[in-house]
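Spelled out from the first residue to the last, the chains are:
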Amino acid sequence: MTRAEELNQIQREQNEACECALKKTALQPVFGDGNPDAKIVFIGEAPGKKEDEEGRPFIGAAGKFLAEMLAEIGMKREDIYITNIVKYRPPDNRDPEEHEKHECAPWLHAELNFIKPDVIVFLGRHSMTHFLPGLVISEAHGKLVHRKIPNIATEYFFPLYHPAAALYNGGMRETLMGDFKKIPKVLEKVKETKK
Ligand code: URA
């Protein structure tokens, strides 16, 4: 089995096992997507309408903006792995609730522990506070956090504003783009610490 096939099998098993109530209202699960050997994993919030219809994360407006930002730093979707904390679309795109994040968490942790990236990027507060409770996104964005978390292979976390929140807000968009441009240096720094 290739690494991609192994990861796909993990996702199918996790989908079977997941007891999140959102499974009943969503059209389908949205598996994480991208390079199983990625050095960097991005974690969003939950699938939106388009993701629910097509079964792939970040393919709507927020995903297009993310692709633009990746291009700015010379990266493509194929270089990264992208997933969500909640794997099923919440009705009317409401925020995921704590228990829903908790129910989908073993799935996310299984993805992360298979890929073992150098850095995890949080897209917005929902994924950030799951791993780093107590942090506030308006203060934490764009700053590399080093933290040992039990059962998480990675120790480096980089919180960013969510691209959907920044899309139509000029100031936040500029801030997000500025933070995003720090990613190559962040990856370099973490790679150095592993030597
Ligand atoms: N927003 C997210 O957080 N995830 C998606 O997959 C799409 C939009």
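Preceding this paragraph is the structure being described.
Residues numbered from 1 in each chain as written. Predicted model: local features only at pLDDT ≥ 70, side-chain atom pairs only at ≥ 80, totals over all residues. Heavy atoms only, no water.

Participant: Looking at this structure, I do not really get unusual backbone geometry. What am I missing?
Facilitator: The bulk of non-glycine residues show a negative phi, and the bulk of peptide bonds are trans. With a phi angle near 50°, F58 is a residue other than glycine that sits in the positive phi range. Within the secondary structure, F58 is located in the loop between α2 (49–54) and α3 (61–72). Even without glycine at this site, N151 takes up a positive phi of about 65°. Of note, N151 is situated in the loop between β5 (145–146) and β6 (156–160). (Helix = DSSP H or I, 4+ residues; strand = E, 2+ residues; numbered from the N terminus.)

Participant: I'm lost on the site of the ligand in this one. Help?
Facilitator: Residues in contact with the ligand, as listed here, are G44, E45, A46, P47, E51, P57, F58, N84 and H162. Contact between the ligand and E45: an oxygen atom at 2.8 Å from a main-chain N or O atom of the residue. In the model, a nitrogen atom of the ligand is placed 2.7 Å from a nitrogen or oxygen of the N84 side chain. In isolation the ligand exposes 240 Å². Once the protein is present, 91% of that is buried. In this structure the site holding the ligand corresponds to the largest pocket. In terms of residue class, the shell around the ligand is made up of 4 nonpolar, 3 polar and 2 charged. (Near = heavy atom within 4 Å. Polar contact = N/O pair within 3.5 Å; in protein donor to acceptor, adjacent residues only side chain to side chain. Areas by Shrake-Rupley, 256 points an atom, 1.4 Å probe, with all protein chains shown as cover. 1 Å grid on protein atoms, 1.4 Å probe; cavity = no way out; pocket = protein on both sides within 12 Å on 5 of 7 lines; lining within 4 Å. Sits in = over half its atoms within 2 Å of the grid points. Nonpolar A, V, L, I, M, F, W, Y, C, P; charged D, E, K, R; others polar.)

Participant: Even after reading the chapter, I still don't get the pattern of salt bridges, so can you show me in this structure?
Facilitator: It is possible for side chains bearing opposite charge to pair when their charged atoms get close. Under the definition given, this model contains 14 salt bridges. Across the pair E68 and R173 runs a salt bridge, and its minimum N-O distance is 3.5 Å. Of this pair, E68 sits in helix α3 while R173 sits in helix α8 (residues 170–180), and the two are 105 residues apart along the sequence. One salt-bridge network, held together by shared partners, links D33, R56 and R77. (Salt bridge = Lys/Arg side-chain N within 4 Å of Asp/Glu carboxyl O.)

Participant: Explanation requested: the environment of T129 in the structure shown.
Facilitator: As for its placement among the helices and strands, T129 is situated in helix α5 (residues 125–131). Accessibility expressed as a relative area gives 28% for T129, which makes it partly exposed. Residues T129 and P159 lie 30 residues apart in sequence; the distance between their C-alpha atoms is 9.8 Å. In this view, T129 contacts K101 and L135; residues no more than four positions away in its chain are not counted. Within the local environment of T129, its side chain forms a polar contact with the backbone oxygen of R125, the two atoms lying 2.8 Å apart. (Buried < 20%, exposed > 50% of the residue type's maximum accessible area, 1.4 Å probe, protein only. Contact = heavy atoms within 4.5 Å.)

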